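Coordinates in review
Below are the chains, spelled out letter by letter.
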Amino acid sequence: MPYVFSQFRGPNPSPANLPVDGCRCWHSALQDFGGTVRFALLSGRVGLTPSVSIGVPSHAYQFEGEAVAGYGLREVRVAVDGGLRLDAISTRLALQSRYQYAMVENVLDVPNNRSNSSATASYLVTSRLSLRGGAAWQRTHGGLRLGSLTGVPFSPPGEFATPELFRQHDRLLRNNYWHVGGGATYSLNRLDLFVSYLQFISGTDTHAGKALTVGASWPFQRTP
């Protein structure tokens, strides 16, 4: 369950023009409970792992505006991950790919499921340090357009033609994009430290920009 910090920045008011964004201050809140079940079909030089995961809001947090914790929607996600060690080139080099289909709770009877796919190359510099880089893609199956209708005069609020639809616009956008990024992980005995950078390349009805993420994870296991 992540704890999220968010802040709206920019010279102009946010699209919804709400106090949560107008103060340009930091906001923080718990986000969504999550859980995943994986099964390794193949392992070794070639790996294949299907999975099923869920996301459930931890509480009724604010979802309107830019500086919020999230969308506050329930999701069920089905995915498959594949991996390949490129031993012919280097025993330290590997490729990973992923496809995921998310079934998202409907809002105002608007379907908004999505597909996500990614491809990543990773290189083990030492036994503790690894580097990675790749691309990610998203396609929304449904949703509403804010300004991406091609060939027709079409400006905001676009298909969000009622106050209630516009109030829910962050949840209902037909959000399609391409991202590229890279990162590094350093493993200690009982702790992993990681950093990643993500850059927007192209898309429609989505947020342009970049993101820098720094974090740590503590793996654990239960012994009989």
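Every value quoted in this text rests on a predicted model; they were computed, and no experiment measured them. (Residues numbered from 1 in each chain as written. Predicted model: local features only at pLDDT ≥ 70, side-chain atom pairs only at ≥ 80, totals over all residues. Heavy atoms only, no water.)

Topic: the packing of aromatic side chains
A complete count under the given rule lists one aromatic pair for this structure. Arranged with centres 5.3 Å apart and planes meeting at 70 degrees, the rings of Y3 and F5 form a pair that is edge-to-face. Its guanidinium or amino end placed over the ring of F63, R171 lies 3.6 Å from that ring's centre, counting from NZ or CZ. (Phe/Tyr/Trp six-rings, centres within 6.5 Å; stacked < 30°, edge-to-face > 60°. Lys NZ or Arg CZ within 6 Å of the ring centre and 35° of its normal.)

Some thoughts on the nonpolar core
One finds L73, A102, V104, V107, V110, L144, F160, L165, L172 and L173 forming the largest nonpolar core, which totals ten residues. With residues near it in sequence (within four places) discarded, V110 still touches G143, L144 and L172. (Core = buried A, V, L, I, M, F, W, Y, C linked by side-chain atoms within 4.5 Å. Buried < 20%, exposed > 50% of the residue type's maximum accessible area, 1.4 Å probe, protein only. Contact = heavy atoms within 4.5 Å.)

Description of the pairing of strand β11 (residues 210-217)
Where strand β10 (residues 192-204) and β11 come together, eight bridges link them in antiparallel fashion. From the neighbouring strand, F194 faces β11, where its bridge partner is G215. Linking β10 back to β11 in an antiparallel pair, the connection comprises five residues, with D205 at a positive phi of about 50 degrees. (Pairing = 2+ DSSP bridges. Helix = DSSP H or I, 4+ residues; strand = E, 2+ residues; numbered from the N terminus.)

Re the pattern of salt bridges
As enumerated under the stated definition, the model contains eight salt bridges in all. Between E64 and R167 there is a salt bridge, and its shortest N-O distance comes to 3.1 Å. Here R167 lies in helix α2 (residues 163-167) and E64 lies in the loop between β4 (46-57) and β5 (75-85), a separation of 103 residues in the sequence. Under the relative-accessibility criterion, E64 is labelled partly exposed at 22%. Taking relative accessible area as the criterion, R167 reaches 36% and is therefore assigned partly exposed. Beyond isolated ion pairs, a larger network of salt bridges with shared partners links E64, E164 and R167. (Salt bridge = Lys/Arg side-chain N within 4 Å of Asp/Glu carboxyl O.)

Notes on the environment of R145
The residue R145 is located in the loop between β8 (129-142) and α2 in this model. A sequence separation of 28 residues divides R145 from S117, and the C-alpha atoms of the two residues are 22 Å apart. A polar contact is formed between the side chain of R145 and the side chain of E159, at a distance of 2.6 Å. (Polar contact = N/O pair within 3.5 Å; in protein donor to acceptor, adjacent residues only side chain to side chain.)

Observations concerning the pairing of strand β7 (residues 112-124)
Pairing between strand β6 (residues 93-104) and β7: ten bridges, direction antiparallel. By the bridge assignment for β7, A94 is matched with S122. Across 13 bridges, β7 lies against β8 in antiparallel orientation. Bridge pairing links A121 to G133 in β8. Between the end of β7 and the start of β8, which pair antiparallel, lie four residues.

A look at the state of the cysteines
Enumeration over the complete set of coordinates arrives at one disulfide. A sulfur-sulfur distance of 2.0 Å marks the disulfide that ties C23 to C25. One quick way to see it: the torsion about the S-S bond of C23 and C25 is about -70 degrees, and its sign makes the bridge left-handed. (Disulfide = S-S within 2.5 Å.)

A closer look at the sheet that holds β6
Read across the open sheet, the nine strands follow the order β3-β4-β5-β6-β7-β8-β9-β10-β11; overall the sheet is antiparallel. The outermost strands of the open sheet, each flanked by one partner alone, are β3 (32-38) and β11. Taking each pair of neighbouring strands and ignoring which way they run, the sheet shows an average axis angle of 20 degrees. (Axes fitted to C-alpha atoms, helices over the stretch in contact; angles between N-to-C directions.)

Quick word on a nonpolar patch on the surface
Residues M1, Y3, F5, W26, L30, F33, V52, I54, V56, V76, V78 and M103 make up a contiguous nonpolar surface patch of roughly 1,100 Å² in combined accessible area. At three residues, the largest contribution of residues to the nonpolar patch is made by β4. Here V56 shows up in strand β4. V56 gets classed as partly exposed once you look at its relative accessible area, which sits at 33%. (Patch = residues over 30% accessible without salt bridge, like charges linked within 9 Å, V, L, I, M, F, W, Y side chains within 5 Å. Areas by Shrake-Rupley, 256 points an atom, 1.4 Å probe, with all protein chains shown as cover.)

Some remarks on unusual backbone geometry
Phi at R24 is positive, roughly 55 degrees, even though this residue is not glycine. Relative to the helices and strands, R24 is located in the loop between α1 (19-22) and β2 (27-30).

Nothing here speaks to function; it is geometry throughout.
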